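Inside the fold
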Amino acid sequence: MGLLDILLGRTKPVAPDLDQLFALPSAAVTLEATTSFTPTGRGAVCFATVEGAAFEQTHREVQALLDADTDRDGPPVELRRDEYGYSWLVSERTSDQLPLLVNDLHAVNSSMEVNGFGPQLLCSLAGFQDPQGRSLALVYLYKRGSFYPLCTLPGQGRRDNALELQVAALLENDLRIEKDKTRWFPLWDAPGL
């Protein structure tokens, strides 16, 4: 960074650190102990939609890599597109297999990065639910190298901001929490929630 960058308020982008995803299981223990939210076993990686043979090859590689896992029923990763035009690679496990889900998310991100699709990666998320049926996601922002909690109220098209702030405060020792709350994007009806 030069003097002009400092004067204009530009900041150096944070390099993605996919190993941050491996902190999710310990954060899940804290989350369950303090708020009764437990893992759903669902998670996803979101990226700007990519077309072409190179992406299809990467998708096949990810499928083959995760297909070697025999603890899974069904396809290892399912490709979905949302109404906003983004693509999601969704992984589903049982609720007690969060470490395996984290491995899936890491493998998907790593494969896409290695094959030149790093700039298209947006976020990854792991889903949680409490006994009242509320959904919570811990969202990893690829380009920021940080997490934020996302709690949407079912059928209301609103977020539970108070719960998000509570969860962020509870997990700040477990996860690198995104300080800029304007980056806590709502991911309405995100696959994997």
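Scroll up for the structure.
Residues numbered from 1 in each chain as written. Predicted model: local features only at pLDDT ≥ 70, side-chain atom pairs only at ≥ 80, totals over all residues. Heavy atoms only, no water.

**Let's talk about helix H5 (residues 161-171)**
What sets the pattern is the α-helix's 3.6 residues per turn: residues three or four places apart point alike. Formally: Only protein chains enter the calculation, and the probe is 1.4 Å; a residue is then buried if its accessible area is under 20% of its type maximum, exposed if over 50%, and partly exposed in between. Helix and strand assignments follow DSSP, with helices taken as H or I runs no shorter than four residues and strands as E runs no shorter than two, numbered in order from the N terminus. This arc describes the spread of directions from the helix axis toward the C-beta atoms. In this analysis, two residues are considered to be in contact whenever any of their non-hydrogen atoms come within 4.5 Å of each other.
Residues of H5 that are buried: Leu 163, Glu 164, Val 167, Ala 168 and Leu 171. Seen from one end, H5 has its buried residues packed into an arc of 135°, which puts them on one side. Summarising the contacts, the buried residues of H5 are in contact with helix H2 (24-35), strand E5 (135-141), strand E6 (146-150) and strand E8 (158-159).

**Quick word on unusual backbone geometry**
Even without being a glycine, Ser 36 presents a positive backbone phi close to 70°. Secondary-structure assignment places Ser 36 in the loop between H2 and strand E1 (38-48). Non-glycine residue Asp 189 carries a positive phi angle of around 50°. The class of Asp 189 is exposed, set by a relative accessible area of 68%.

**Brief notes about the pairing of E1**
The line we're drawing: The pairing criterion is simple: DSSP has to find at least two bridges between the two strands.
In terms of burial, E1 is a largely internal element, 8 of the 11 residues being buried. Two strands pair when backbone bridges link them, and E1 and strand E4 (residues 121-129) are joined in this way by 7 bridges, in the antiparallel orientation. Note that in E4 the partner of Gly 43 across the bridge is Ala 126. Pairing between E1 and strand E3 (residues 86-92): 7 bridges, direction antiparallel. Opposite Ala 48, over in E3, you have Tyr 86 as the bridge partner.

**Examining the pattern of salt bridges**
Basically, it comes down to this: Take a side-chain nitrogen of Lys or Arg and a carboxyl oxygen of Asp or Glu: if they are within 4 Å of each other, that pair is a salt bridge.
Under the criterion given, the structure shown has 7 salt bridges. Where Arg 144 meets Glu 178, a salt bridge forms, and the shortest distance between an N and an O atom there is 2.7 Å. Of the two residues, Arg 144 is situated in the loop between E5 and E6 and Glu 178 in the segment after H5; the sequence distance between them amounts to 34 residues. In this structure Arg 144 comes out as partly exposed when scored by relative accessible area, which is 29%. Taking relative accessible area as the criterion, Glu 178 reaches 5% and is therefore assigned buried. We note a salt bridge from Glu 164 to Arg 159, for which the minimum N-O separation is 2.9 Å. Classification of Arg 159 by relative accessible area gives buried; the value is 17%.

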